[in-house]
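Next come the chains, spelled out residue by residue.
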Amino acid sequence: MEDCIFCKIIEGAVPSKVVYEDEICKAFRDVAPQAPVHVLVVPKRHVESLAKAADDEALLGHLMRACALVAESLGLADGYRVVTNVGENGCQSVRHLHLHVLGGQRLSEKMS
Ligand code: AMP
């Protein structure tokens, strides 16, 4: 999609630090990490958010599996968090579905 930063990263038009890729998704380091490990798992197909992908179990399952593979490959055996922000109240700043994988330290117990 034009003007979507994550579509540009997926195309390779904008550089990123890729940690995992397959036919469905790409995972790359967040440019402003909020934990020692902060990776975004992003579908290659442009979908705005979880709210717009809720009927696509195959895609959502694939993305969750990719998160687990990324966490394992980056050594997050002590645990990690997977988060997706949705819409205005969820403070979603990039309108292309993405799952944050956060770890590398004990994370805050607060979710909000
Ligand atoms: P969200 O607020 O859930 O929409 O998360 C968007 C995330 O994308 C933020 O954590 C940003 O730091 C990250 N981000 C924005 N632009 C880039 C980029 N060019 N490369 C990597 N991460 C980015």
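Residues numbered from 1 in each chain as written. Predicted model: local features only at pLDDT ≥ 70, side-chain atom pairs only at ≥ 80, totals over all residues. Heavy atoms only, no water.

1. What about helix H3 (residues 57-73)?
Residues separated by three or four positions in an α-helix point in the same direction, a consequence of the helix having 3.6 residues per turn. In this model H3 runs 24 Å from its N-terminal to its C-terminal C-alpha over 17 residues, within 8% of the 24 Å that 1.5 Å per residue would give. For H3, the full list of buried residues reads Leu59, His62, Leu63, Ala66, Cys67, Val70 and Ala71. Contacts made by the buried residues of H3 are with strand E1 (18-21), strand E2 (25-29), strand E3 (37-43), strand E4 (80-83) and strand E5 (99-103). Directly after H3, the chain includes Gly75, whose backbone phi takes a positive value near 80 degrees. (Helix = DSSP H or I, 4+ residues; strand = E, 2+ residues; numbered from the N terminus. Expected span 1.5 Å × (residues − 1). Buried < 20%, exposed > 50% of the residue type's maximum accessible area, 1.4 Å probe, protein only. Contact = heavy atoms within 4.5 Å.)

2. Brief notes about the site of the ligand
Around the ligand, 16 residues are found, and the nearest of them are Asp30, Asn85, Ser93, Val94 and His100. A distance of 2.8 Å separates an oxygen atom of the ligand from a polar side-chain atom of His100. The fraction of the free accessible surface of the ligand (500 Å²) that becomes covered by protein chains is 82%. At the level of secondary structure, the elements contributing two or more residues to the shell around the ligand comprise helix H1 (5-11) and E2. If you tally residues by element for the shell around the ligand, the top one is H1, at three residues. Residues of the shell around the ligand, tallied by class, amount to nine nonpolar, five polar and two charged. (Near = heavy atom within 4 Å. Polar contact = N/O pair within 3.5 Å; in protein donor to acceptor, adjacent residues only side chain to side chain. Areas by Shrake-Rupley, 256 points an atom, 1.4 Å probe, with all protein chains shown as cover. Nonpolar A, V, L, I, M, F, W, Y, C, P; charged D, E, K, R; others polar.)

3. What about the sheet that holds E1?
As summarised here, the arrangement of the five strands in space is E1-E2-E3-E5-E4, forming an open sheet in which the pairing is antiparallel. A strand with exactly one partner marks an edge of an open sheet, and here the two such strands are E1 and E4. For this sheet the average axis-to-axis angle between neighbouring strands, irrespective of direction, equals 20 degrees. Contacts from H3 reach E1, E2, E3, E4 and E5 within the one sheet, and its direction differs from that of E3 by about 155 degrees. (Pairing = 2+ DSSP bridges. Axes fitted to C-alpha atoms, helices over the stretch in contact; angles between N-to-C directions.)

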